[in-house]
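Here is how the chains run, residue by residue.
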Amino acid sequence: MGVMAKQLSALRLHSERSDCFRDASSALQSSCESLQFDPSERVRVAVEMTLCELATAERISLPLECKRMKTKSSQKSVSQCVEALARSAQHWSSYSGYLREIPQLCIAYRRLHEIDHAKSIYANITNEKLAFFSSLNDHYMGLSLRQRELADLTEGLGSLVRILEQYSSSLEHSIETIPHKASDLTTQIQAKISTLWDDILADAQALNQRSLTSFEGHLAVILSEVTCSAITIWS
């Protein structure tokens, strides 16, 4: 952790210095992956940082070969500038220091990139978790609603079962009373039939009696008439 803190501190220091250092740091940041495999690119960035440092000194002039590098940054111009820096112990010390520092700066850049990437992953995971919890909450709310609906349905079914039980009990009672009611009805029908039969017999007897009486009256009239006729004839 201490080494990483030093690397990040050095990286921050370069980024906060002059525009020259910021430009060199930006170039370093964009090329860090290739710097691990391309020594010439590492040399070029170290030279640029050295020139940035020398430019801050008022009494130190840049080597002529390095001035040409600013207008034409080719592999040859970089090599010529390095040779010019080697002629001065002070210049070479700055250059070699930056050359040694570049791998550490690259590590710091990668660490920052990894941290940013980890933050991005964490943010994505957090958003996914929030979305998951929101979906889970909606699911539980829906489940709670279904449970309430099921409870209401269960209560309604319970009421229906109780009503059916009452109806069944009433139906059983009604079925049990049917034989008694049928017996009573049969007795009533038989009584009515007997009464009706008695009435019919009484009416028939009365009718026969009236017919017989009427017949006897007619017969008496006929006999009377016949008797009168016979008396008249015999007289």
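The following refers to the structure shown.

What counts as what
- Residues numbered from 1 in each chain as written.
- Predicted model: local features only at pLDDT ≥ 70, side-chain atom pairs only at ≥ 80, totals over all residues.
- Heavy atoms only, no water.
- Helix = DSSP H or I, 4+ residues; strand = E, 2+ residues; numbered from the N terminus.
- Buried < 20%, exposed > 50% of the residue type's maximum accessible area, 1.4 Å probe, protein only.
- Contact = heavy atoms within 4.5 Å.
- Areas by Shrake-Rupley, 256 points an atom, 1.4 Å probe, with all protein chains shown as cover.
- Core = buried A, V, L, I, M, F, W, Y, C linked by side-chain atoms within 4.5 Å.
- Disulfide = S-S within 2.5 Å.
- Salt bridge = Lys/Arg side-chain N within 4 Å of Asp/Glu carboxyl O.
- Patch = residues over 30% accessible without salt bridge, like charges linked within 9 Å, V, L, I, M, F, W, Y side chains within 5 Å.

1. Looking at the overall build of the protein
Helix and strand counts for the protein come out as 6 helices and 0 strands. For the protein, the sequential pattern of α-helices and β-strands runs α-α-α-α-α-α. Buried residues in the protein amount to 20% of all 235 residues. Look at the contacts in the protein between residues 6 or more apart in sequence, and 64% of them connect residues 24 or more apart. Split by element, the accessible area of the protein, about 17,500 Å² in all, is 60% carbon and sulfur.

2. Looking at the side chain of serine 94
Turning to its location among the elements, serine 94 is positioned in helix 6 (residues 89–234). When neighbours within four sequence positions are excluded, serine 94 is seen to be in contact with Thr50 and Glu53.

3. Topic: the nonpolar core
If you look at the biggest cluster of nonpolar residues, it comprises 24 residues, and the most contacted ones within it are Leu28, Val47, Met49, Leu51 and Cys81. Within the residue set of this core, elements represented by two or more residues are helix 2 (19–35), helix 3 (39–55), helix 4 (64–71), helix 5 (75–86) and helix 6. For this core, the leading source of residues is helix 3, giving 7 residues.

4. Here's the deal with the state of the cysteines
Using the criterion set out here, one finds 1 disulfide in the structure. A disulfide bridge connects cysteine 66 with cysteine 81, and the sulfur atoms are separated by 1.9 Å. Because the sign of the S-S torsion sets the handedness, a value of about 100 degrees for the bond joining cysteine 66 and cysteine 81 places this disulfide among the right-handed ones. Of this pair, cysteine 66 sits in helix 4 while cysteine 81 sits in helix 5, and the two are 15 residues apart along the sequence. In this structure cysteine 66 comes out as buried when scored by relative accessible area, which is 0%.

5. What about the pattern of salt bridges?
One pass over the full model with this rule turns up 3 salt bridges. One salt bridge connects glutamate 65 with arginine 87, and the closest N-O pair in it is separated by 3.3 Å. Of this pair, glutamate 65 sits in helix 4 while arginine 87 is found in the loop between helix 5 and helix 6, placing the two residues 22 residues apart along the sequence. For glutamate 65, a relative accessible area of 19% gives the class buried. Each of Glu41, Arg44 and Glu48 takes part in a single network of salt bridges with overlapping partners.

6. A few points about a nonpolar patch on the surface
On the surface, a nonpolar cluster with roughly 480 Å² of combined accessible area is contributed by Leu150, Leu153, Leu157, Leu160 and Leu164. As for its position among the elements, leucine 160 is in helix 6.

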